[in-house]
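Each chain, written out:
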Amino acid sequence: MKKETRAENLLLAAWVTALVATLGSLYFSEVLGFIPCDLCWFQRIFMYPQVIILGIAIVRKEFSTARYSLALSVIGGLISLYHYALQKIPFFQHYAIQCGRIPCTGQYMNWLGFITIPFLALTAFLIIALLSVAVMRQQKRRNNV
């Protein structure tokens, strides 16, 4: 398999991850009626544009776009990690600041005792970040050959 094709597949996987995360968040809010808290909105701000950015990158074969996706994923992932800590760690819950009209410590879902919406967002950001790093490595190898 050509290295460019590998990079395309990695970008495609990152795009699919961003699309599923975006559609999932819209499903939770628009279909199930879960009102997003302020931290959820910040996470969406860093996830939603990735569907467009990565989609354009795939069509135009602009693999350098992975660095922008990585930056968005790291920032969004840190917000998700903090949000998850607010939900699961008593110390953070006790000292949590007011997070708008919907509390950020609330959990609309809690699958298996640890899977919450911020956990799902963190997982998506982590997958996209790892795929972005893999694309950047593929391009670095390709440029060195």
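Residues numbered from 1 in each chain as written. Predicted model: local features only at pLDDT ≥ 70, side-chain atom pairs only at ≥ 80, totals over all residues. Heavy atoms only, no water.

Asks: Please provide a residue-by-residue account of the side chain of Thr116, values included.
Replies: On the secondary structure map, Thr116 appears in the loop between helix 4 (90–94) and helix 5 (117–144). One polar contact links Thr116 to Gln87, side chain to side chain, over a distance of 2.7 Å. Excluding residues within four positions of it along the chain, Thr116 makes contact with Tyr84, Gln87, Lys88, Gln107, Met109 and Asn110. (Helix = DSSP H or I, 4+ residues; strand = E, 2+ residues; numbered from the N terminus. Polar contact = N/O pair within 3.5 Å; in protein donor to acceptor, adjacent residues only side chain to side chain. Contact = heavy atoms within 4.5 Å.)

Asks: An account of the confidence of the model for the protein chain is requested, with residue identities and associated values reported.
Replies: The predicted coordinates should not be examined in detail at positions where pLDDT is low. Per-residue pLDDT for the protein chain has a mean of 92; in total, 96% of the residues score no lower than 70. The weakest mean pLDDT in the protein chain belongs to helix 4 at 80; the strongest belongs to helix 2 (residues 38–60) at 97. (pLDDT = per-residue confidence, 0-100.)

Asks: Quick rundown of the environment of Ala121? Include the residues and the values.
Replies: Counting through the fold element by element, Ala121 comes out in helix 5. The buried category is assigned to Ala121, whose relative accessible area is 17%. Placed 100 residues apart in sequence, Ala121 and Ala21 show a C-alpha to C-alpha distance of 6.9 Å. Other than its neighbours up to four places away in sequence, Ala121 contacts Gln43 and Ser80. (Buried < 20%, exposed > 50% of the residue type's maximum accessible area, 1.4 Å probe, protein only.)

Asks: How would you sum up the packing of aromatic side chains? Please name residues and give values.
Replies: Under the criterion given, the structure shown has seven aromatic pairs. Between Phe91 and Phe92 the ring centres are 5.7 Å apart and the planes differ by 80 degrees, which places this aromatic pair in the edge-to-face class. According to the relative accessible area criterion, Phe91 is exposed, its value standing at 53%. Assessed through its relative accessible area of 30%, Phe92 is described here as partly exposed. (Phe/Tyr/Trp six-rings, centres within 6.5 Å; stacked < 30°, edge-to-face > 60°.)

Asks: An account of the pattern of salt bridges is requested, with residue identities and associated values reported.
Replies: Pairing between side chains of opposite charge can happen when the charged atoms of each approach one another. For the coordinates displayed, the defined rule picks out two salt bridges. For Glu8, the salt bridge is made with Lys61, and the minimal N-O distance between the two is 3.2 Å. Remark: Lys61 occurs in the loop between helix 2 and helix 3 (66–88) and Glu8 occurs in helix 1 (residues 3–31); sequence separation between them is 53 residues. The class for Glu8 is partly exposed, based on a relative accessible area of 24%. The exposure class of Lys61 is partly exposed, given its relative accessible area of 41%. A salt bridge links Glu62 to Arg60; the shortest N-O distance between them is 3.2 Å. The exposure class of Glu62 is partly exposed, given its relative accessible area of 30%. Overall, Arg60 belongs to the exposed group, its relative accessible area being 58%. (Salt bridge = Lys/Arg side-chain N within 4 Å of Asp/Glu carboxyl O.)

Asks: Explain the environment of Leu12 to me, using residue names and the numbers behind them.
Replies: Among the structural elements, Leu12 can be located in helix 1. For the pair Leu12 and Ile79, spaced 67 residues apart in sequence, the C-alpha separation works out to 24 Å.

Asks: Please give an account of the state of the cysteines that cites residues and values.
Replies: Counted according to the given criterion, the structure contains zero disulfides. Cys37 forms no disulfide, and the closest cysteine sulfur to it belongs to Cys104, at a distance of 3.4 Å. (Disulfide = S-S within 2.5 Å.)

Asks: Talk me through the nonpolar core; I want residue IDs and the actual numbers.
Replies: The biggest cluster of nonpolar side chains holds 27 residues, and the ones touching the most others in it are Cys37 and Leu39. Breaking this core down by element, the ones donating at least two residues are helix 1, helix 2, helix 3 and helix 5. Residue contributions to this core peak at seven residues, all from helix 2. Not counting the four nearest positions on each side in its chain, Cys37 is found in contact with His83, Cys99, Ile102, Pro103 and Cys104. (Core = buried A, V, L, I, M, F, W, Y, C linked by side-chain atoms within 4.5 Å.)

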